[in-house]
Amino acid sequence: MSRAIDKVPHCTTMEEVRQGVNALDDILVPLLVTRSGFMTQAARVKNDPQRVRDEDRIQTIVDRVREQAAAEGGSPELMEQLYRAMMELFIAYEHQELARLRAAGLTPKTDKE
Ligand SMILES: C=C(O[C@@H]1C=C(C(=O)O)C=C[C@H]1O)C(=O)O
């Protein structure tokens, strides 16, 4: 048994709490930057603003992370809310990246590929 929730120590001061949060942010931020890099890849591969938002894929991810959160002893509801909010921001970023790539010379698709 090594669930993520079991790795949280009992804290007695806010210094301890914030030290723990900072240590996790040091891991999370680089991962989120890498995730954003995949949005740039998605923007180029899709090359179509109408394909940026993909509701089926969003639902697949929500189902996955709910299950993962539960297995790690966390709240599926919280994980779904976090992921839905995060994906909205990544979708906006993907649109921004597609516009940037097109301004830099990516040719818009002429037909469905
Ligand atoms: C990266 C994609 O584009 C969008 C962003 C997603 C994400 O943040 O994971 C998921 C679905 C899409 O709405 C994708 O289609 O996979």
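Details of the structure are given in the entry above.
Residues numbered from 1 in each chain as written. Predicted model: local features only at pLDDT ≥ 70, side-chain atom pairs only at ≥ 80, totals over all residues. Heavy atoms only, no water.

A short note on helix H1 (residues 14-46)
Part 1 of the reasoning: An ideal rise of 1.5 Å per residue puts 48 Å on 33 residues; H1 measures up with 45 Å between its terminal C-alpha atoms.
Part 2 of the reasoning: Residue aspartate 25 marks the point of greatest curvature in H1, where the axis turns by about 25°.
Part 3 of the reasoning: Among the structural elements, helix H2 (49-52) and helix H4 (76-103) are those in contact with the buried residues of H1.
Part 4 of the reasoning: Asparagine 47 lies just past H1 and shows a positive phi near 50°. (Helix = DSSP H or I, 4+ residues; strand = E, 2+ residues; numbered from the N terminus. Expected span 1.5 Å × (residues − 1). Bend = angle between axes of the 7 residues up to and from the residue. Contact = heavy atoms within 4.5 Å.)

Some remarks on the site of the ligand
Part 1 of the reasoning: Inspection of the region around the ligand gives 14 residues, with Arg35, Lys46, Val52, Asp54 and Glu94 positioned closest.
Part 2 of the reasoning: Here an oxygen atom of the ligand sits 3.2 Å away from a polar atom, N or O, in the main chain of valine 52.
Part 3 of the reasoning: In the model, an oxygen atom of the ligand is placed 2.7 Å from a nitrogen or oxygen of the glutamate 94 side chain.
Part 4 of the reasoning: For the ligand, the protein covers 89% of the area, taking 360 Å² as the surface of the free molecule.
Part 5 of the reasoning: Judged by the fraction of its atoms near the pocket grid, the ligand is located in the second largest pocket.
Part 6 of the reasoning: Elements with a minimum of two residues in the shell around the ligand: H1, helix H3 (55-71) and H4.
Part 7 of the reasoning: Partitioned by chemical class, the residues of the shell around the ligand number eight nonpolar, no polar and six charged. (Near = heavy atom within 4 Å. Polar contact = N/O pair within 3.5 Å; in protein donor to acceptor, adjacent residues only side chain to side chain. Areas by Shrake-Rupley, 256 points an atom, 1.4 Å probe, with all protein chains shown as cover. 1 Å grid on protein atoms, 1.4 Å probe; cavity = no way out; pocket = protein on both sides within 12 Å on 5 of 7 lines; lining within 4 Å. Sits in = over half its atoms within 2 Å of the grid points. Nonpolar A, V, L, I, M, F, W, Y, C, P; charged D, E, K, R; others polar.)

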